[in-house]
Number of protein chains: 2
Amino acid sequence: VILTVTANAALDVTYEVPVLRHGEPHRVERVHTRAGGKGVNVARVLHALGEDVVATGLVGGLTGDAILADLEDAVPEAFLRVAGESRRTVAVVSADDGAATVLNEPGPQVSEREWDQFAEAYHQLAAAATLVVLSGSLPPGVPADAYAELIVRTQVPVLLDTDGDALRFGIEARPALVKPNLAELTGLLGHPPEDVLAACRALPVPAAVTLGEAGAVLVTADGAWRAVPPERVRGNPTGAGDAFAAGLARGLAAGEPWPDVLADAMALAAAAVAAPVAGEVDPAAYASFRGAVVVEEA
Amino acid sequence: VILTVTANAALDVTYEVPVLRHGEPHRVERVHTRAGGKGVNVARVLHALGEDVVATGLVGGLTGDAILADLEDAVPEAFLRVAGESRRTVAVVSADDGAATVLNEPGPQVSEREWDQFAEAYHQLAAAATLVVLSGSLPPGVPADAYAELIVRTQVPVLLDTDGDALRFGIEARPALVKPNLAELTGLLGHPPEDVLAACRALPVPAAVTLGEAGAVLVTADGAWRAVPPERVRGNPTGAGDAFAAGLARGLAAGEPWPDVLADAMALAAAAVAAPVAGEVDPAAYASFRGAVVVEEA
């Protein structure tokens with residue numbers, strides 16, 4: 001079983017408006033809600049692929065109830081309840097230009113005691129897992145080295161997908177793989193990388209970096225590879241990074257060779273862009289992309 | 001007891017962001033939530049003034065739970081539960097210019113059966129009331145003449161504060177008073193009024209029209225009056241209209257003369273603008289404004 005961790009789970013809310021005007025009132029035409037946070041999205045993709053997966057993390061309050069209610073029929077979960085209120089993300093999509101203006105609440109204040117309880121539950125779940133995915137931001141109150149602390153005591157491979165100080169500290173704990181996008185890699189370096197491959201080679205851990213339409217690179221001690229999407233895929237890039245992480249997690253858990261892991265992750269990311277609903281994977285697109293992704297040594 | 005009706009109660013959420021940029025992600029710095037909807041706001045002001053008040057209306061879902069939890073210590077309530085999910089309003093306040101970009105969810109779909117149940121409960125509550133305030137929009141699924149249907153069977157005076165077709169139909173049922181703002185009066189007429197007093201005189205019911213910083217007018221069969229705020233009040237005008245309605249309701253319920261009703265409502269509205277929290281009334285400001293509002297025959 002693959003275990004995904006969403007420390008700061010969210011209820012992702014989408015508001016559709018005809019046009020968004022600063023300082024004005026708007027009538028929202030349609031409201032969509034869905035459990036989210038990167039680890040939840042990864043678990044959803046893995047579950048859709050038929051993988052054995054459990055989603056854990058922290059939820060709280062009425063928004064936590066809504067998150068768990070949405071997960072109930074979607075993904076096996078083992079979340080811990082906290083006293084605070086889980087966050088919402090509100091994406092305001094304006095029909096005139098299709099742009100999404102996103103508002104991310106900070107998330108619940110988590111006490112040291114609550115995090116310790118979670119860590120204990122996590123280590124029990126991780127002991128039964130083949131691989132762990134640690135995803136997204138840490139909630140307020142949790143120290144930036146909390147992922148690092150989990151990683152050092154985890155016996156199975158860990159895929160770490162976070163940013164900022166949580167990524168910086170996490171890398172020091174030597175996860176099996178990190179998955180920054182270009183913005184997250186820039187944050188880690190303190191400046192935009194002149195050469196992504198060289199920047200990854202300087203890291204003490206394997207790294208897969210997504211580059212949007214340009215594809216992705218994977219740099220490990222065994223070599224470096226570049227994956228190019230099969231074609232210019234049109235659609236919604238939201239959730240493509242999480243589909244990519246799901247592909248990495250599945251390939252790593254199965255012990256596949258690195259180039260195959262990268263190719264499969266790239267195909268899943270492209271299939272997520274092609275799917276009409278953000279965060280879902282178009283199965284037909286995935287099937288056709290799987291053989292069409294080109295992976296070259298870099 | 002004054003009964004306030006909020007057919008489409010809301011959880012009013014405020015997001016503080018440093019600056020709002022179209023199409024960008026934002027980290028929300030602070031989140032405030034509070035039960036809202038015009039009738040709830042009116043009840044809150046009346047309760048703060050020491051008036052005997054009960055708030056009723058429809059709530060549903062987890063957002064309904066949050067609304068009732070917020071009301072629990074604030075205002076006596078007798079809301080009916082419906083199956084749908086109550087709406088949220090999200091006000092995104094950007095610190096750079098103080099502007100509020102507001103997103104109003106539509107509210108729960110209410111069935112005919114649910115509305116009939118509410119109407120029955122409403123008439124029992126109204127039979128024990130001295131005055132009823134019907135406030136705000138009707139939720140989806142409820143016909144536009146629903147307020148009118150309530151009004152014709154209500155034995156006590158009704159203050160109607162709504163807009164669009166609900167206001168148009170409601171006026172035909174002859175409430176004791178309507179309280180449109182200039183935008184709502186414009187919607188009712190189909191065009192901006194050339195002369196607000198003349199437009200009000202053409203209505204078959206007494207009307208109090210708020211005019212923002214210019215004050216308010218009240219037109220009845222007995223005469224017409226204009227109220228001017230005591231000074232240029234600085235602050236947050238959100239909720240001032242509901243404080244004005246609370247003043248009208250209290251004065252009407254007590255049988256005060258029209259000019260006194262208008263003066264008191266004007267002082268409350270000015271005191272709401274002066275209060276730091278939207279929808280609350282600054283007691284010291286109210287006390288000082290009460291004697292300072294000027295009401296003249298118009």
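Procedures and definitions
Residues numbered from 1 in each chain as written. Chains lettered and ligands numbered in written order. Predicted model: local features only at pLDDT ≥ 70, side-chain atom pairs only at ≥ 80, totals over all residues. Heavy atoms only, no water. Helix = DSSP H or I, 4+ residues; strand = E, 2+ residues; numbered from the N terminus. Rg over C-alpha atoms; globule rule 2.2 N^0.38 Å. Buried < 20%, exposed > 50% of the residue type's maximum accessible area, 1.4 Å probe, protein only. Contact = heavy atoms within 4.5 Å. Areas by Shrake-Rupley, 256 points an atom, 1.4 Å probe, with all protein chains shown as cover. Buried area = accessible area lost by both parts, 1.4 Å probe. Salt bridge = Lys/Arg side-chain N within 4 Å of Asp/Glu carboxyl O. Nonpolar A, V, L, I, M, F, W, Y, C, P; charged D, E, K, R; others polar. Pairing = 2+ DSSP bridges. Least-squares fit on C-alpha atoms with pLDDT ≥ 70 in both. Arc of directions from axis to C-beta. Polar contact = N/O pair within 3.5 Å; in protein donor to acceptor, adjacent residues only side chain to side chain. Axes fitted to C-alpha atoms, helices over the stretch in contact; angles between N-to-C directions. pLDDT = per-residue confidence, 0-100.

## Concerning the overall build of chain A
Along chain A, the regular secondary structure elements total 10 helices and 15 strands. Here the C-alpha radius of gyration of chain A, 18 Å, is about what a compact globule of 298 residues would show, namely 19 Å. Counting only C-alpha atoms, chain A reaches 55 × 45 × 40 Å along its principal axes. Every one of the 298 residues in chain A was classed for burial, and the buried ones make up 54%. Partitioning the intrachain contacts of chain A with sequence separation of at least 6 by distance along the chain shows that 61% fall at a separation of at least 24. About 12500 Å² of surface is accessible on chain A, with carbon and sulfur atoms providing 50% of the total.

## Overview of the interface of chain B and chain A
Facing 28 residues of chain B, the contacting portion of chain A comprises 28 residues. Both sides of the chain B and chain A interface together cover about 2200 Å² of buried area, and 59% of this is carbon and sulfur. Area buried by chain B at its contact with chain A is led by His22, Leu62 and Leu103 of chain B, which between them contribute 25% of it. Counting across the chain B and chain A interface gives 0 salt bridges. Secondary-structure elements contributing two or more residues to the side of chain B that touches chain A are β2 (10–17), β3 (25–27), α2 (61–71), β7 (87–94) and β8 (100–104) of chain B. A per-element tally of the side of chain B that touches chain A places β8 of chain B first, with 5 residues. Residues of the side of chain B that touches chain A, tallied by class, amount to 15 nonpolar, 6 polar and 7 charged. In this structure, strand β8 (residues 100–104) of chain A lies alongside β3 of chain B, joined through 3 bridges in parallel fashion. Bridged to Val102 of chain A within β3 of chain B is Pro25 of chain B.

## Overview of the relation of the copies chain B and chain A
For the pair chain B and chain A, the superposition axis carries a translation of 0.0 Å, the fit reaches an RMSD of 0.0 Å, and the rotation angle comes to 180°. Within this description, the copies of the chain are treated as partners about a two-fold rotation axis. Taking C-alpha positions as reference, the residue of chain B nearest the rotation axis is Leu62 of chain B, located at 3.2 Å. In this assembly, 100% of the residues forming the interface of chain B have copies in chain A that are likewise at the interface, indicating an isologous arrangement.

## Looking at helix α6 (residues 182–189) of chain B
All names here are of chain B. Taken as a whole, α6 has its buried residues at Glu184, Leu185 and Leu188. Down the axis of α6, the buried side of the element spans an arc of 100°, and every buried residue falls inside it. Elements that come into contact with the buried residues of α6 comprise α1 (38–48), β10 (158–161), α5 (164–172), α7 (196–201) and β12 (207–210). Capping the start of α6, Asn181 holds a side-chain oxygen 3.2 Å from the backbone nitrogen of Ala183, two or three residues further along. Among the residues trailing α6, Gly190 stands out with phi positive, at a value near 90°.

## Structural notes on the sheet that holds β7 of chain B
Pairing is mixed in the open sheet, where 5 strands are placed in the order β3(A)-β8(B)-β7(B)-β2(B)-β4(B). Looking at which strands have only one partner, the edges of the open sheet turn out to be β3 (25–27) of chain A together with β4 (30–36) of chain B. Strand-to-strand twist of the sheet, defined as the mean angle between neighbouring strand axes without regard to direction, takes the value 20°.

## Description of the confidence of the model for chain A
Averaged over chain A, the pLDDT score is 94; the fraction of residues at 70 or greater is 100%. The ipTM for the predicted assembly is 0.86, set against a pTM of 0.88.

## Description of the sheet that holds β3 of chain B
Reading across the sheet, the 5 strands line up as β4(A)-β2(A)-β7(A)-β8(A)-β3(B) and stay open at both edges, with mixed pairing between neighbours. On the outer flanks of this sheet lie β4 (30–36) of chain A together with β3 of chain B, each paired with one strand and no other. Strand-to-strand twist in this sheet, taken as the mean axis angle between neighbours without regard to direction, amounts to 20°. The sheet contact formed by strand β7 (residues 87–94) of chain A and β8 of chain A spans 5 bridges and is antiparallel.

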